[in-house]
Amino acid sequence: LQELAFFLVLLTAGLEIRVEQLKWHIFVMAILPAACEILGIALYAYYVMQYTRLEGLVLGSVLAALGDGLVIPKMQEFSQSFPGHA
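Residues numbered from 1 in each chain as written. Predicted model: local features only at pLDDT ≥ 70, side-chain atom pairs only at ≥ 80, totals over all residues. Heavy atoms only, no water.

Draft legend 1. Representation of the overall build of the chain within the structure. Looking only at helices and strands, the chain features 3 helices and 0 strands. For the chain, the sequential pattern of α-helices and β-strands runs α-α-α. For the chain, with 86 residues in total, the buried portion stands at 5%. Surface exposure of the chain reaches about 7,600 Å², of which carbon and sulfur atoms provide 70%. (Helix = DSSP H or I, 4+ residues; strand = E, 2+ residues; numbered from the N terminus. Buried < 20%, exposed > 50% of the residue type's maximum accessible area, 1.4 Å probe, protein only. Areas by Shrake-Rupley, 256 points an atom, 1.4 Å probe, with all protein chains shown as cover.)

In C-alpha coordinates, the structure reads:
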(Lines give C-alpha, C1' and ligand atoms only; values in the text may rest on other atoms or scores of the structure.)
Protein backbone atom coordinates (compact mmCIF):
# COMPACT_ATOMS: atom_id res chain seq x y z
CA LEU A 1 0.00 0.00 0.00
CA GLN A 2 2.91 2.32 0.76
CA GLU A 3 4.43 1.69 -2.67
CA LEU A 4 1.11 2.48 -4.36
CA ALA A 5 0.84 5.76 -2.48
CA PHE A 6 4.40 6.69 -3.49
CA PHE A 7 3.61 5.82 -7.11
CA LEU A 8 0.51 8.00 -7.08
CA VAL A 9 2.44 10.96 -5.64
CA LEU A 10 5.09 10.64 -8.36
CA LEU A 11 2.46 10.24 -11.06
CA THR A 12 0.58 13.34 -9.93
CA ALA A 13 3.79 15.37 -9.77
CA GLY A 14 4.76 14.22 -13.25
CA LEU A 15 1.41 15.19 -14.73
CA GLU A 16 1.77 18.75 -13.46
CA ILE A 17 4.93 19.39 -15.49
CA ARG A 18 4.45 21.39 -18.68
CA VAL A 19 6.74 20.80 -21.65
CA GLU A 20 7.22 24.55 -22.08
CA GLN A 21 8.79 24.76 -18.60
CA LEU A 22 11.47 22.18 -19.39
CA LYS A 23 14.77 23.40 -20.76
CA TRP A 24 17.01 21.56 -23.23
CA HIS A 25 19.67 20.75 -20.61
CA ILE A 26 17.11 18.80 -18.57
CA PHE A 27 16.53 16.49 -21.53
CA VAL A 28 20.27 16.09 -22.02
CA MET A 29 20.76 15.25 -18.33
CA ALA A 30 18.00 12.64 -18.57
CA ILE A 31 18.93 11.05 -21.89
CA LEU A 32 22.74 11.15 -21.83
CA PRO A 33 23.32 8.83 -18.82
CA ALA A 34 20.76 6.31 -20.10
CA ALA A 35 22.29 6.37 -23.58
CA CYS A 36 25.79 5.85 -22.17
CA GLU A 37 24.61 2.95 -20.04
CA ILE A 38 22.82 1.29 -22.97
CA LEU A 39 25.79 1.73 -25.29
CA GLY A 40 28.25 0.50 -22.66
CA ILE A 41 26.27 -2.67 -22.05
CA ALA A 42 25.79 -3.17 -25.80
CA LEU A 43 29.52 -2.82 -26.48
CA TYR A 44 30.39 -5.22 -23.68
CA ALA A 45 27.84 -7.74 -24.96
CA TYR A 46 29.15 -7.40 -28.53
CA TYR A 47 32.88 -7.63 -27.87
CA VAL A 48 33.09 -9.81 -24.77
CA MET A 49 29.99 -11.99 -24.85
CA GLN A 50 29.91 -12.36 -28.67
CA TYR A 51 26.31 -11.15 -29.02
CA THR A 52 25.16 -9.47 -32.21
CA ARG A 53 24.86 -5.68 -32.22
CA LEU A 54 21.08 -5.84 -32.04
CA GLU A 55 21.12 -8.35 -29.19
CA GLY A 56 23.57 -6.13 -27.31
CA LEU A 57 21.34 -3.08 -27.74
CA VAL A 58 18.29 -5.02 -26.60
CA LEU A 59 20.19 -6.30 -23.58
CA GLY A 60 21.36 -2.76 -22.79
CA SER A 61 17.84 -1.34 -23.07
CA VAL A 62 16.38 -4.01 -20.82
CA LEU A 63 19.08 -3.67 -18.17
CA ALA A 64 18.95 0.13 -18.25
CA ALA A 65 15.16 0.07 -17.93
CA LEU A 66 15.29 -2.27 -14.95
CA GLY A 67 17.62 0.01 -13.06
CA ASP A 68 18.87 -0.26 -9.53
CA GLY A 69 15.43 0.06 -7.96
CA LEU A 70 14.59 -3.50 -8.94
CA VAL A 71 17.93 -5.23 -9.06
CA ILE A 72 19.34 -4.22 -5.66
CA PRO A 73 16.33 -5.36 -3.56
CA LYS A 74 16.26 -8.69 -5.42
CA MET A 75 19.97 -9.20 -4.81
CA GLN A 76 19.46 -8.47 -1.10
CA GLU A 77 16.58 -10.95 -1.04
CA PHE A 78 18.78 -13.52 -2.76
CA SER A 79 21.61 -13.01 -0.26
CA GLN A 80 19.21 -13.50 2.63
CA SER A 81 17.70 -16.63 1.08
CA PHE A 82 21.07 -18.17 0.21
CA PRO A 83 23.67 -17.07 2.75
CA GLY A 84 27.24 -17.50 1.58
CA HIS A 85 26.41 -17.12 -2.14
CA ALA A 86 26.42 -13.33 -2.40
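Draft legend 2. Structural context of the confidence of the model for the chain. Looking at the chain, the pLDDT average stands at 80 and 80% of residues meet or exceed 70. Looking across the chain, the model is least confident in helix α1 (residues 2-15), with a mean pLDDT of 72, and most confident in helix α2 (residues 24-47), with 88. (pLDDT = per-residue confidence, 0-100.)

Draft legend 3. Up close: the packing of aromatic side chains. Applying the stated rule across the entire model yields 1 aromatic pair. An angle of 80° between the planes, with centres 4.8 Å apart, marks the rings of Y46 and Y47 as edge-to-face. The class of Y46 is partly exposed, set by a relative accessible area of 28%. (Phe/Tyr/Trp six-rings, centres within 6.5 Å; stacked < 30°, edge-to-face > 60°.)

Draft legend 4. A look at a nonpolar patch on the surface. A surface patch of nonpolar side chains, amounting to about 630 Å² of accessible area, comprises L43, Y44, Y47, V48, M49 and Y51. Within the secondary structure, V48 sits in the loop between α2 and α3 (53-81). (Patch = residues over 30% accessible without salt bridge, like charges linked within 9 Å, V, L, I, M, F, W, Y side chains within 5 Å. Salt bridge = Lys/Arg side-chain N within 4 Å of Asp/Glu carboxyl O.)

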